[in-house]
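Listed below are the residues making up each chain.
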Amino acid sequence: MKKTLKDFDFKNRRVLVRLDLNVPLNDKCEVADATRIEASIPTVEYILNRGGSVVLMSHLGRPKAYDEKLSLKPVAEKMSELMKKDIKFVPSKKVVDEEVIKAGEALKAGEVMMIENTRFREEEEKNVPEFSKDLARLGEIFVNDAFGTCHRAHSSNVGVASLLPSAIGLLVEKEVKFFQEALREPDRPFTVIMGGSKVSGKISIIENLLPKVDNLVIGGGMAFTFLKSKGVEVGKSLLEEDKIDFAKSCLDKADELGIGIYLPIDLVVADSIDSTDTKTVDYDEIPANMMGLDIGNKTIELFSDVIRGSKTVIWNGPMGVFEKDQFAEGTKKVGEAVADAPLSVVGGGDSAAAAEKFGLEGRMTHVSTGGGASLELLEGKDLPGIKAIEEM
Ligand code: AMP
């Protein structure tokens, strides 16, 4: 178990907090969506309310060196507005210099400052110790609450954690708790729903989860490689020829382990992704010149029954091209069934976007905020940003 905020007395301590403030900016360099800032506030307030002071850091975008357009200044202003509290922004092209360190030392209990975009230093992404040491001079305790970068070993999450007493913040704690709860000792039946475009990006997840689940539901573009491995003709649907053998071996293994594998039994097909001229056909009647772009009603019913009979559900990947209304129904209905499960965890960027699009976010137990990081948790990997934090 990693140390959390509850394991520290923050009174009169200066706390260096890594947040994920990588928000979209508009062309006037204003914050276009403050969701990540809002989500970060509870950890900051937790420390302030217990008598600590806070030095905030984050990356923003992908600069290779100083870039005025990717300054965190507008982010500090937005956060200040949302918290109704002064956040002192201390700019430096070098991110940390003597002025920044002095500003940190001058912080009093209850005060907050923010430093510049950590990626202005090229050492950041290489986890160079000199930069980690500079950062560590800004606090007495380090808190990592940036889940979205936990699968990367950078100076501002991994390097600095080895130099200070450390804890995970409230957001990271929540991510770890729900994934662990779902993956370690799930209430059964435990069902995983996989979708999205490709098998290739999800092989490690399938390999990790297959021995753990009771049911594996496969929809989206990746289902066609599985159907093809059973000898079904899939027309112009997405197909990864080089993954057919992998798909076949998964189906064989599932059989061996007694796992229920559910593939589409009917599909919404069209000439192309842009076509609105659609029809629904059985899985073994896909016309040679058409492609499957959503699951059909019979499949929705089948998948929903399996999901509604489950106690723990992990959902990763849409059931069809949900961005287009004519191919969105399968993802919406499956999402609704997932939302009814006692424990529902949504991992991966596209399923999170789908949950949001269909207004299901609030009904899920947990929607992960970190695309890449949540995929690596599902692959069973240790995330370096979490591993680096002290054990209890
Ligand atoms: P991924 O990044 O692999 O999770 O894939 C997500 C994307 O898969 C979404 O943008 C969907 O539009 C797309 N997708 C889902 N089902 C299909 C399908 N049957 N054919 C083509 N693309 C699909």
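If you're wondering where the values come from, they're calculated on a predicted model, not measured in any experiment. (Residues numbered from 1 in each chain as written. Predicted model: local features only at pLDDT ≥ 70, side-chain atom pairs only at ≥ 80, totals over all residues. Heavy atoms only, no water.)

**Quick notes on the overall build of the chain**
Link 1 in the chain: The number of helices and strands found in the chain is 14 helices and 15 strands.
Link 2 in the chain: Taking 21 Å as the expected radius of gyration for a compact globule of 392 residues, we find that the chain reaches 23 Å, a close match to that expectation.
Link 3 in the chain: Along the three orthogonal principal directions, the C-alpha set of the chain runs to about 70 × 45 × 35 Å.
Link 4 in the chain: Taken over 392 residues, the chain has a buried fraction of 56%.
Link 5 in the chain: Once local pairs closer than 6 in sequence are excluded, the contacts in the chain between residues at least 24 apart make up 74%. (Helix = DSSP H or I, 4+ residues; strand = E, 2+ residues; numbered from the N terminus. Rg over C-alpha atoms; globule rule 2.2 N^0.38 Å. Buried < 20%, exposed > 50% of the residue type's maximum accessible area, 1.4 Å probe, protein only. Contact = heavy atoms within 4.5 Å.)

**Focus: the side chain of D20**
Link 1 in the chain: Mapped onto the secondary structure, D20 falls in the loop between β1 (14–18) and α1 (35–49).
Link 2 in the chain: Within the structure, the side chain of D20 is placed 3.2 Å from the backbone nitrogen of N22, a separation counted as a polar contact.
Link 3 in the chain: The residues touching D20, leaving out its near neighbours within four places in the chain, are R36, S40, S58, H59, D145, A146 and G148. (Polar contact = N/O pair within 3.5 Å; in protein donor to acceptor, adjacent residues only side chain to side chain.)

**Quick notes on the domain arrangement of the chain**
Link 1 in the chain: Segmenting the chain into domains produces domain 1 (5–173) and domain 2 (186–378).
Link 2 in the chain: For domain 1 versus domain 2, the distance between C-alpha centres works out to 37 Å.
Link 3 in the chain: In this complex, domain 1 contributes 4 residues to the contact, which on the side of domain 2 involves 8 residues.
Link 4 in the chain: Summed over both partners, the interface of domain 1 with domain 2 comes to about 480 Å²; 68% of that surface belongs to carbon and sulfur atoms.
Link 5 in the chain: Here the side of domain 1 that touches domain 2 is composed, by residue class, of 1 nonpolar, 2 polar and 1 charged. (Domains from an automatic or database assignment. Buried area = accessible area lost by both parts, 1.4 Å probe. Nonpolar A, V, L, I, M, F, W, Y, C, P; charged D, E, K, R; others polar.)

**Some points on the pattern of salt bridges**
Link 1 in the chain: Following the criterion strictly, the structure yields 27 salt bridges and no others.
Link 2 in the chain: K126 is the salt-bridge partner of E122, the closest N and O atoms lying 3.7 Å from each other.
Link 3 in the chain: Overall, E122 belongs to the exposed group, its relative accessible area being 53%.
Link 4 in the chain: According to the relative accessible area criterion, K126 is exposed, its value standing at 56%.
Link 5 in the chain: E233 is paired through a salt bridge with K228; the nearest N and O atoms lie 3.2 Å apart.
Link 6 in the chain: On the basis of relative accessible area, E233 is assigned to the exposed category, the value being 53%.
Link 7 in the chain: Classification of K228 as partly exposed rests on a relative accessible area of 24%.
Link 8 in the chain: One salt-bridge network, held together by shared partners, links K64, R119 and E125. (Salt bridge = Lys/Arg side-chain N within 4 Å of Asp/Glu carboxyl O.)

**Topic: the environment of D9**
Link 1 in the chain: Turning to its location among the elements, D9 is positioned in the segment before β1.
Link 2 in the chain: A residue is classified by how much of its surface remains accessible, and D9, at 57% relative accessible area, is exposed.
Link 3 in the chain: Measuring from C-alpha to C-alpha, the distance between D9 and R50 comes to 7.7 Å, with 41 residues separating the pair along the chain.
Link 4 in the chain: Engagement of the side chain of D9 in a polar contact is seen with the backbone nitrogen of K11, the distance being 3.1 Å.

**What about helix α4 (residues 129–136)?**
Link 1 in the chain: Every buried residue of α4 is accounted for by F131, S132, L135 and A136. Across the axial projection of α4, the buried residues extend over an arc of 140°, all falling on one side. (Arc of directions from axis to C-beta.)

**Remarks on the packing of α1 against helix α2 (residues 73–83)**
Link 1 in the chain: Running from N to C, α1 and α2 point in directions that differ by 65°, and their axes come no closer than 11 Å. Comparing their axes, α2 and α1 come out roughly perpendicular. Regarding α1 and α2, the two cross each other, and that crossing is right-handed. Contacts between α1 and α2 pair I37, E38, S40, I41, V44, E45 and L48 from the former with V75, K78, M79, L82 and M83 from the latter.
Link 2 in the chain: Looking at the contact of α1 with α2, its residues break down into 8 nonpolar, 1 polar and 3 charged. (Axes fitted to C-alpha atoms, helices over the stretch in contact; angles between N-to-C directions. Parallel < 35°, antiparallel > 145°, perpendicular 65-115°, else oblique. Left-handed = near helix turned anticlockwise from the far one by under 90°.)

**Regarding the packing of helix α10 (residues 297–308) against helix α11 (residues 329–339)**
Link 1 in the chain: Their axes nearest at 9 Å, the elements α10 and α11 cross at an angle of 15°. The orientation of α10 with respect to α11, classified from their angle, is roughly parallel. Considering the relative orientation of α10 and α11, their crossing is right-handed. Residue-level contacts link I300, F303, S304, I307 and R308 of α10 to E329, G330, K333, V334, E336, A337 and V338 of α11.
Link 2 in the chain: Residue composition of the contact of α10 with α11, by class: 6 nonpolar, 2 polar and 4 charged.

**Concerning the sheet that holds strand β8 (residues 215–218)**
To summarise the sheet geometry, strands pair through backbone hydrogen bonds and adopt either a parallel or an antiparallel arrangement.
Link 1 in the chain: If you walk across this open sheet you meet the 6 strands as β9-β8-β7-β13-β14-β15, and the pairing is parallel. Lying at the two open borders of the sheet, with one neighbouring strand each, are β9 (260–262) and β15 (366–367).
Link 2 in the chain: Relative to β15, strand β14 (residues 343–346) is paired through 2 bridges, and the arrangement is parallel. Residue V346 lies in a different strand from β15, and its bridge partner there is V367.
Link 3 in the chain: The strands touched by α10 within the sheet are β7 (190–194), β8, β9 and β13 (312–316), with β8 carrying the most contacts at an inclination of about 150°. (Pairing = 2+ DSSP bridges.)

**Some words on the site of the ligand**
Link 1 in the chain: Residues in contact with the ligand amount to 15 residues; listed here are only the nearest, S197, K202, G292, E323 and D350.
Link 2 in the chain: G221 is positioned such that a nitrogen or oxygen atom in its backbone is 3.2 Å from a nitrogen atom of the ligand.
Link 3 in the chain: Alone, the ligand offers 510 Å² of accessible surface; in the complex the protein occludes 79% of this.
Link 4 in the chain: Tallied by class, residues from the shell around the ligand come to 5 nonpolar, 6 polar and 4 charged. (Near = heavy atom within 4 Å. Areas by Shrake-Rupley, 256 points an atom, 1.4 Å probe, with all protein chains shown as cover.)

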